[in-house]
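Here is how the chains run, residue by residue.
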Amino acid sequence: MKKACAKEALKYIKDKSIIGLGGGSTISYLVSYIKESGLEVEVVTPSFKTEKLCIENGLKVLPTWAVDSISVAFDGCDEVDNDLVALKSGGGIHTKEKIIASMADEYILLVDESKVSSKLEFKYPIVLEILPESKSLVEKNIKALGGKPNMRSSSAKDGFAISDNGLFLMDVEFDGKDIGDICKLNDSLKRIVGVLDTSLFYNIATKALVASENGIRIIECER
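Within every chain, residues take consecutive numbers counted from 1 along the sequence as written. Totals for whole chains, interfaces and linings use all residues, but because this is a predicted model, local features are given only for residues with pLDDT of at least 70 and pairs of side-chain atoms are given and counted only at 80 or more. Side-chain numbers here rest on the full set of heavy atoms in the structure, without hydrogens or water.

Draft legend 1. Representation of the overall build of the chain. Numbering of helices and strands runs from the N terminus; a helix is a DSSP stretch of H or I covering at least four residues, while a strand is a stretch of E covering at least two. Looking only at helices and strands, the chain has six helices and 15 strands in total. In terms of C-alpha radius of gyration, the chain reaches 18 Å, essentially the compact-globule figure of 17 Å for 223 residues. Counting only C-alpha atoms, the chain reaches 50 × 35 × 30 Å along its principal axes. For the chain, restricting intrachain contacts to residue pairs at least 6 apart in sequence, the fraction spanning at least 24 positions comes to 71%. The Shrake-Rupley method, run with a 1.4 Å probe, gives the accessible areas here. Residue values count only the displayed protein chains as cover. Here the chain displays about 11,000 Å² of accessible surface, and carbon together with sulfur accounts for 48% of that area. Using C-alpha atoms as the atom set, the radius of gyration is obtained and then compared with a globule rule of 2.2 Å times the number of residues to the power 0.38. It only takes one pair of heavy atoms within 4.5 Å for two residues to be counted as in contact.

Next comes the structure, spelled out in structure tokens:
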């Protein structure tokens with residue numbers, strides 16, 4: 001199914017364009033298909049693994065700071081709903097992913113049917129990238145919003161996991177049944193002093209290509 005999804009994504013790539021690529025196995029397949037297709041593209045990516053794979057396949061990688069607009073960006077997620085509200089939890093590179101998404105004329109999620117729900121259920125924690133000095137303040141605010149904050153552990157600085165930007169990563173669990181307004185939650189999280197950004201992608205994706213045994217279906221929203 002991941003290969004089918006990646007092959008469908010190829011249809012949205014224009015020759016001689018700049019594209020964004022996230023991480024994950026579906027993106028890996030897409031890199032291979034781009035090479036096979038002969039399309040001439042330049043790539044921006046927040047993922048070191050994807051950057052390495054692109055270079056190995058002869059695709060030119062540009063530094064994100066040197067680009068202000070791209071044609072289309074592709075990424076995965078852990079969960080997405082029918083309004084294209086998406087949640088990521090694993091990599092801790094969501095801030096860089098959002099920068100690339102914001103540059104893109106289209107931001108397309110590549111997922112399988114198991115990751116789609118009618119309304120986001122928050123099966124996974126929201127990840128916050130925070131300034132180390134703001135840890136206690138952010139925890140206090142998260143609890144006031146009804147969330148459960150958990151610092152990611154690591155053998156690195158102070159025993160906490162560190163993002164590529166040198167900031168702390170905090171997992172925040174919410175009970176999806178208690179969240180009535182995702183827009184309000186998104187705004188409340190981003191307003192907390194010390195939070196750089198969150199892994200909740202609200203009003204960002206324009207399409208999702210959803211793979212299943214029955215083929216590919218498309219969820220689409222205007223942004």
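Draft legend 2. Structural detail: the domain arrangement of the chain. Domain delimitation in this document rests on an assignment produced automatically or drawn from a domain database. Domain parsing of the chain yields domain 1 (1–118 + 202–220) and domain 2 (126–198). For domain 1 and domain 2, the distance between their C-alpha centres works out to 25 Å. Counting residues at the interface gives 14 residues for domain 1 and 15 residues for domain 2. Accessible area, probed at 1.4 Å, shrinks when two parts are joined; the buried area is that loss added up over both. Between domain 1 and domain 2, a total of about 1,100 Å² is buried, with carbon and sulfur atoms accounting for 54% of that surface. Salt bridges, as used here, are contacts in which a Lys or Arg side-chain nitrogen is within 4 Å of a carboxyl oxygen on Asp or Glu. One can count two salt bridges joining domain 1 with domain 2. Here K98 makes a salt bridge to D197, at a shortest N to O gap of 2.9 Å. In protein, a polar contact requires one atom able to donate a hydrogen and another able to accept it; more generally it is a pair of N or O atoms within 3.5 Å, and residues adjacent in sequence count only if both atoms are side-chain atoms. Applying the counting rule to domain 1 against domain 2 returns five residue pairs in polar contact (both at pLDDT 80 or more). Among the elements that make up the side of domain 1 that touches domain 2, the one with the highest residue count is helix α4 (residues 94–103) (four residues). Here the residues of the side of domain 1 that touches domain 2 sort into five nonpolar, five polar and four charged. Basically, the charged four are Asp, Glu, Lys and Arg, the nonpolar ten are Ala, Val, Leu, Ile, Met, Phe, Trp, Tyr, Cys and Pro, and anything else, Gly included, counts as polar.

Draft legend 3. How the structure looks around the pairing of strand β2 (residues 41–44). Bridge count for strand β1 (residues 17–21) against β2 is four bridges, and the pairing is parallel. Across the sheet, the residue bridging to I18 is E42, located in β2. As defined by bridge partners, β2 adjoins strand β3 (residues 60–61) across two bridges and the pair is classed as parallel. Across the sheet, residue V43 finds its bridge partner in β3, namely V61. Between the parallel elements β2 and β3, the chain passes through helix α3 (residues 48–56) in a crossover that is right-handed. Two strands are said to pair when DSSP picks up at least two bridges between them. With the strands aimed away from the viewer, a crossover counts as right-handed if its path from the first strand over the helix to the second runs clockwise.

Draft legend 4. The sheet that holds strand β14 (residues 207–212), seen in detail. If you walk across this open sheet you meet the seven strands as β3-β2-β1-β4-β7-β14-β15, and the pairing is mixed. The open sheet terminates on both sides in strands that have one partner only, identified here as β3 and β15 (215–220). Note that β14 and β15 share six bridges and pair antiparallel. Bridge pairing in β15 places K207 opposite E220. Along the sheet, helix α2 (residues 25–37) makes contact with β1, β2, β4 (70–75) and β7 (104–112), crossing β1 at roughly 155°. Each axis is a line fitted through C-alpha atoms, taken for helices only over the stretch in contact, and angles between the N-to-C directions span 0 to 180 degrees. Packing against the sheet, α4 makes contact with β1, β2, β4 and β7, and its axis sits at approximately 125° to β7.

Draft legend 5. Structural detail: the pattern of salt bridges. Counting across every chain of the model gives 14 salt bridges. Note that E97 and K88 form a salt bridge whose closest N and O atoms lie 3.8 Å from each other. With respect to class, E97 is no different from K88; both count as buried. Note that R217 is salt-bridged to E113, the shortest N-O span being 2.8 Å. Taken together, the residues R217 in strand β15 and E113 in the loop between β7 and β8 (116–117) connect sequence positions 104 residues apart. The network of salt bridges with common partners includes D75, K88 and E97. The buried label applies to any residue whose accessible area, calculated with a 1.4 Å probe on protein chains only, is under 20% of its type's maximum; exposed applies above 50%, and partly exposed to all values in between.

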